[in-house]
Structures are given as C-alpha cells and as structure tokens.
Amino acid sequence: MSSKFVLVVASRKGGAGKSTLSQVTAEVLAKDGQEVTIIDADPNKPQARWKSGNSQLPITVIDDVSESNIVKHIDAVKDGFVIVDLEGIGSRLVARSIARADLVVIPIQASGLDAVEAGNTIALITEEEELLRRKIPYKLVLTRTGVAIPSKIEKQMVTELTEAGINVMKNQLNERAAFKSIFVEKLSLYEMDTTKISGLEKAIQNAEAVAQEIFA
Ligand SMILES: Nc1ncnc2c1ncn2[C@@H]1O[C@H](COP(=O)(O)OP(=O)(O)OP(=O)(O)O)[C@@H](O)[C@H]1O
Ligand SMILES: [Mg+2]
C-alpha cells in the first residue's frame, strides 16, 4: 500500500531555520529507510546546492519551483515523505503549499519578534483551513536554542504560546555547528567526520528526537 505524507516547513521570518530543519528532518527519515523528496522553494536553493555534493543518502530534491507548479510537484510524488522548504515571505506559493500539507511545522527562535511572525504564519494556516474546510495541523518548534538551561525569554515564550493553545514541541533544534556544516560539506549528519565536526553525535541525537516528535 502506498502512503504519502506532506510536511511543510513555514515561517514568515527569514532565517528562522526552515531550511536547516527541512534538511535535518529529511536526513533522519532517509537514514531510517524512508523515501524522501524535498521541494526546495527557498529562493536561495540551499537544498539543491546540498544535493550537488557527495551525499549518498537517497534524498530527492526538486528545485524548479514556482507558484504555478508547486501543487503539481507535491501531487506528483506518490509515496513517502514530501518536505517543502519554503521562502521566508507570505506568498501564493506558501499558501498553496500549506493547502496541501498534512502537517505544517513552524520553526521559531526565542525572540518576541519570532513569536509575532509565528502568529502570522498561523493566521495564514487558519485562512487556508477556512478556504478548504479542513483542519491543517501545525506545530511550533524552537530552533537554535542553547544546549544548556533554557533562557528566561525562551521559557516565557513557551508558556505564553502554550497558554494560547498553540502546540509547541517539547524537543527543540539546538544551535549546533553540525547543523551548519551539513550545508558547507554538502553531506548528511550521518556522513560527516565525527573527529572534525564537534558535537556531531549530539546533533544527530537531537535531530532524531526532533524528527520523531514531528511525526509522532
Ligand atoms: N539549529 C541550528 N544550529 C546552527 N545554526 C543554525 C541552526 N538553524 C539555522 N542555523 C543557521 O542560521 C541561518 C539561517 O538558517 P536557515 O537558512 O535554516 O533559515 P531559513 O528560515 O531557511 O532562512 P530563509 O528564510 O532565508 O530561507 C543559517 O546560517 C543556518 O546555518
Ligand atoms: Mg531557507
């Protein structure tokens, strides 16, 4: 039996960590033997550039993406996981991707501004829900957080969002050199050299915990 799951990574905030989260999640799934397609709708094409490297992980990257073909691209994938890495603006391309999502994940950094931007993304999801008359599940995930104790602003943000009834993930994608290195080395977390990249094993553990919670 074929099954397909469309994960859309969206945030109106530029640099919130969408591309990093998309890539890391794809790597965990592919390593687990899942079929994975990333649709690279980021105008800087980070996923296509990653794909031009030497990674042996079987991740398909589609990058000739526009507002007129995004739905066709998503629908053309018949099996496995589709991960849509979006641009950091509100656009028709973003709205159309969200319309096709089984789940939207919104990465945010622990700052007040990011919480506002997350609110804008949630408003966009709500508009699509009204239009389509279906629920579109979404989760917020804090990104680039410290590995030590959570900061005061971070704790306050989680409390406020949770009180507002917003699903904030328990696991956070930590700030790790390894998460930058995947795009520099054009390799997956599983293919980089543990002796060269500090904290690589911890980064892998973190990535797997985050991916697991996304699909839980
Ligand atoms: N967990 C992380 N650990 C370390 N660096 C990170 C992490 N997440 C993101 N970064 C860094 O922050 C910057 C922005 O991240 P990224 O490109 O993933 O964000 P984005 O939301 O896709 O941005 P854009 O809106 O421009 O597409 C990059 O330099 C990236 O390497
Ligand atoms: Mg990006």
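In what follows, the accompanying structure is described. (Residues numbered from 1 in each chain as written. Chains lettered and ligands numbered in written order. Predicted model: local features only at pLDDT ≥ 70, side-chain atom pairs only at ≥ 80, totals over all residues. Heavy atoms only, no water.)

What about the coordination of the magnesium ion (ligand 2)?
At step 1: Within the protein, the atoms that donate to the magnesium ion (ligand 2) are S19 (OG) and D42 (OD), at distances of 2.0 to 2.1 Å. Of the two residues, S19 is situated in helix α1 (residues 18–31) and D42 in the loop between β2 (36–40) and α2 (46–51); the sequence distance between them amounts to 23 residues.
At step 2: Of the residues examined, D42 reaches a relative accessible area of 12% and is grouped as buried. (Donors = N, O, S within 2.8 Å, 3.2 Å for Na, K, Ca; no water. Helix = DSSP H or I, 4+ residues; strand = E, 2+ residues; numbered from the N terminus. Buried < 20%, exposed > 50% of the residue type's maximum accessible area, 1.4 Å probe, protein only.)

Examining the packing of aromatic side chains
At step 1: For the structure shown, the criterion picks out three aromatic pairs.
At step 2: Plain terms: the ring middles of F5 and F81 are 6.1 Å apart, the flat faces sit at 50 degrees to each other, and that makes the pair tilted. Note that F5 is positioned in strand β1 (residues 4–9) and F81 in strand β4 (residues 80–85), a separation of 76 residues in sequence.
At step 3: Here the aromatic rings of F5 and F215 are separated by 5.5 Å at their centres, their planes lie at 75 degrees, and the arrangement is edge-to-face. Placement of F5 in strand β1 and of F215 in helix α8 (residues 200–215) is noted, with a sequence separation of 210 residues between them. (Phe/Tyr/Trp six-rings, centres within 6.5 Å; stacked < 30°, edge-to-face > 60°.)

Comments concerning the side chain of R176
At step 1: Tracing the chain through its elements places R176 in the loop between β7 (173–174) and α7 (177–185).
At step 2: The side chain of R176 is buried and forms no salt bridge, while E175, the nearest opposite charge, is found at 9.7 Å.
At step 3: Residue contacts for R176: discarding those within four places in its chain leaves V147, G199, K202 and A203. (Lys, Arg positive; Asp, Glu negative; His and termini not counted. Salt bridge = Lys/Arg side-chain N within 4 Å of Asp/Glu carboxyl O. Contact = heavy atoms within 4.5 Å.)

Examining the nonpolar core
At step 1: Core analysis: the biggest nonpolar cluster contains 35 residues, and L21, I59, L189, M192 and I214 have the highest contact counts within it.
At step 2: Those elements that place two or more of their residues in this core are β1, α1, β2, β3 (59–62), β4, β5 (103–108), α7 and α8.
At step 3: The greatest single-element share of this core, amounting to seven residues, is contributed by α8.
At step 4: Ignoring anything within four residues of it in the chain, the contact list for I59 reads Q23, A26, E27, A30, V36, I38, W50 and K51.
At step 5: Formed by 31 residues, the second largest nonpolar core is a distinct cluster that contains A41, L93, I122 and V168. (Core = buried A, V, L, I, M, F, W, Y, C linked by side-chain atoms within 4.5 Å.)

A closer look at the side chain of T37
At step 1: Among the secondary structure elements, T37 is positioned in strand β2.
At step 2: In this structure T37 comes out as buried when scored by relative accessible area, which is 9%.
At step 3: Aside from chain neighbours lying at most four places away, what touches T37 is T60, I62, V77, F81, V82 and I83.

Quick notes on the sheet that holds β2
At step 1: Strand order in this open sheet of seven strands is β3-β2-β4-β1-β5-β6-β7, and the pairing throughout is parallel. The open sheet terminates on both sides in strands that have one partner only, identified here as β3 and β7.
At step 2: Two strands pair when backbone bridges link them, and β2 and β4 are joined in this way by five bridges, in the parallel orientation. Looking at β4, one finds that V36 is bridged to F81. (Pairing = 2+ DSSP bridges.)

A few points about the site of ligand 1
At step 1: Looking at ligand 1, there are 16 residues lining it, with S19, T20, D42, R144 and N174 nearest.
At step 2: Between ligand 1 and R144 there is a distance of 2.8 Å, counted from an oxygen atom to a side-chain nitrogen or oxygen.
At step 3: With the chains in place, 79% of the 630 Å² that ligand 1 exposes on its own is no longer accessible.
At step 4: Counting only elements with at least two residues in the shell around ligand 1, the list comes to α1, β7 and α7.
At step 5: Element by element, the count of residues in the shell around ligand 1 is highest for α1, at three residues. (Near = heavy atom within 4 Å. Polar contact = N/O pair within 3.5 Å; in protein donor to acceptor, adjacent residues only side chain to side chain. Areas by Shrake-Rupley, 256 points an atom, 1.4 Å probe, with all protein chains shown as cover.)

Here we look at the environment of G90
At step 1: Tracing the sequence through the fold places G90 in the loop between β4 and α4 (92–99).
At step 2: When the C-alpha atoms of G90 and K13 are compared, they prove to be 9.5 Å apart, with 77 residues separating the residues in sequence.

Comments concerning the packing of α1 against α8
At step 1: Running from N to C, α1 and α8 cross one another at 90 degrees; their axes reach a closest spacing of 9 Å. As summarised for this structure, α1 and α8 are arranged roughly perpendicular, according to the angle between their axes. Packed against α1, whose contacting residues are L21, V24, T25, V28 and L29, the element α8 presents A207, E208, V210, A211, I214 and F215 at the interface.
At step 2: Here the contact of α1 with α8 is composed, by residue class, of nine nonpolar, one polar and one charged. (Axes fitted to C-alpha atoms, helices over the stretch in contact; angles between N-to-C directions. Parallel < 35°, antiparallel > 145°, perpendicular 65-115°, else oblique. Nonpolar A, V, L, I, M, F, W, Y, C, P; charged D, E, K, R; others polar.)

Keep in mind these values describe shape, not function.
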